[in-house]
Amino acid sequence: MDSTRRESLKVFAALGAIALGGAGMRAWAAPLKPGADSALIVVDVQNCFVTGGTLPVKGGEEVVPVINNLAKLFENVVVTQDWHTPGHASFASSHTGKKPFETTKLRYGTQVLWPDHCVQGSQDAAVHRDIAIPQAQLIIRKGFHKDTDSYSAFMEADGKTSTGLGAYLKARGIKEVYVAGLATDFCVAWTALDARKAGFKAAVIEDASRGIDLNGSVAKAWADMTKAGVRRIQSTDLG
Ligand SMILES: [Zn+2]
């Protein structure tokens, strides 16, 4: 064996030891225990966003059992619903000549245009029937102003109209939120980012969320969230 090869084997061995050390440390680290000042926010796990819905997120329904299990660890749970008027400004069908997934300019900025989805009172907008979180205390509906979208559960897309969620959580003594659901790169990310802006600690549970991924939007969402101090965790980190 020449010395170069021997050196690279040594390097690989060292990397292996680091990797094992990392995994070992994770196994031994105490799990995150949500307390009375923590809340789980279950974002938009609705029929519209799963297979068979009007705006299906790939694998969207796979988050249901993960979230049901996770929710058992939380005393405080908030569930959100995307809840649009018919003819909503976020629908491509409301803009002549526009197709879903194109963009347009609305008064508050660039808006991605979606297929008609989550219309108020429709079966499509109902929470997925297998979501089983009986202790959930608040269902917050968003995107109900006809001319304004709201990915975030805290703040509408104009950046100034509050949904009231921040005030509710503060009144309840919540300091930390864990966010999961659909979709990672839109409503989950915007909710987590706005949670940070509102002064909460925030984490997104990656394996309890699924993304749409338009032009690299999942990677961008994680970069933005990391920069804003949102922790990226897995459901197994909680216990
Ligand atoms: Zn929507």
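Here, every reference points to the structure presented above.
Residues numbered from 1 in each chain as written. Predicted model: local features only at pLDDT ≥ 70, side-chain atom pairs only at ≥ 80, totals over all residues.

Student: Describe the overall build of the chain, listing the residues and the values that go with them.
Tutor: When you go through the chain residue by residue, the secondary structure sums to five helices and eight strands. Listing each helix as α and each strand as β along the chain from the N terminus yields α-β-α-β-β-β-β-α-β-α-β-α-β. Out of the 239 residues belonging to the chain, those deemed buried represent 38%. (Helix = DSSP H or I, 4+ residues; strand = E, 2+ residues; numbered from the N terminus. Buried ≥ 20, exposed ≤ 12 C-beta atoms within 10 Å, placed from the backbone.)

Student: I'd like a rundown of the packing of helix H4 (residues 184–197) against helix H5 (residues 217–227), residues and numbers included.
Tutor: Direction vectors running N to C along H4 and H5 enclose 10 degrees, while the axes themselves pass 9 Å from each other. With respect to their mutual orientation, H4 and H5 come out roughly parallel. Of the residues in H5, those in contact with Thr184, Asp185, Ala189, Ala192 and Leu193 of H4 are Ser217, Val218, Ala221, Asp224 and Met225. Within the contact of H4 with H5, the residues separate by chemical class into six nonpolar, two polar and two charged. (Axes fitted to C-alpha atoms, helices over the stretch in contact; angles between N-to-C directions. Parallel < 35°, antiparallel > 145°, perpendicular 65-115°, else oblique. Contact = placed C-beta atoms within 7 Å. Nonpolar A, V, L, I, M, F, W, Y, C, P; charged D, E, K, R; others polar.)

Student: I'd like a description of the nonpolar core, backed by residues and values.
Tutor: When a protein is soluble and globular, its nonpolar side chains tend to lie buried together. If you look at the biggest cluster of nonpolar residues, it comprises 58 residues, and the most contacted ones within it are Leu40, Val179, Ala180 and Ala192. The set of elements that each furnish at least two residues to this core consists of strand S1 (38–43), helix H2 (63–71), strand S2 (77–82), helix H3 (165–171), strand S6 (176–182), H4, strand S7 (201–210) and H5. Considering every element that reaches this core, the biggest residue donor is H4, with eight residues. Discounting chain neighbours no more than four positions away, the residues touching Leu40 are Leu70, Ala71, Phe74, Val77, Tyr178 and Ala180. (Core = buried A, V, L, I, M, F, W, Y, C linked by C-beta atoms within 7 Å.)

Student: Tell me about the pairing of S6, and name the residues and values.
Tutor: Residues in a regular strand point their side chains to alternate faces of the sheet. The buried count for S6 comes to six of seven residues, which makes it a mostly enclosed element. Pairing geometry for S6 and S7, over six bridges, is parallel. Residue Gly181 lies in a different strand from S7, and its bridge partner there is Ser209. In this fold, S6 hands off to H4, which returns the chain to S7; that crossover is right-handed. (Pairing = 2+ DSSP bridges. Right-handed = clockwise from strand over helix to strand, strands pointing away.)

Student: How would you sum up H4? Please name residues and give values.
Tutor: H4 sits mainly inside the fold: twelve of its 14 residues count as buried. Along H4, the positions that sit buried rather than exposed are Thr184, Asp185, Phe186, Cys187, Val188, Ala189, Trp190, Thr191, Ala192, Leu193, Asp194 and Ala195. Taken together, the buried residues of H4 touch S1, S2, S6, S7 and H5. Where H4 terminates, the next one or two residues include Gly199, which has phi positive at roughly 95 degrees.

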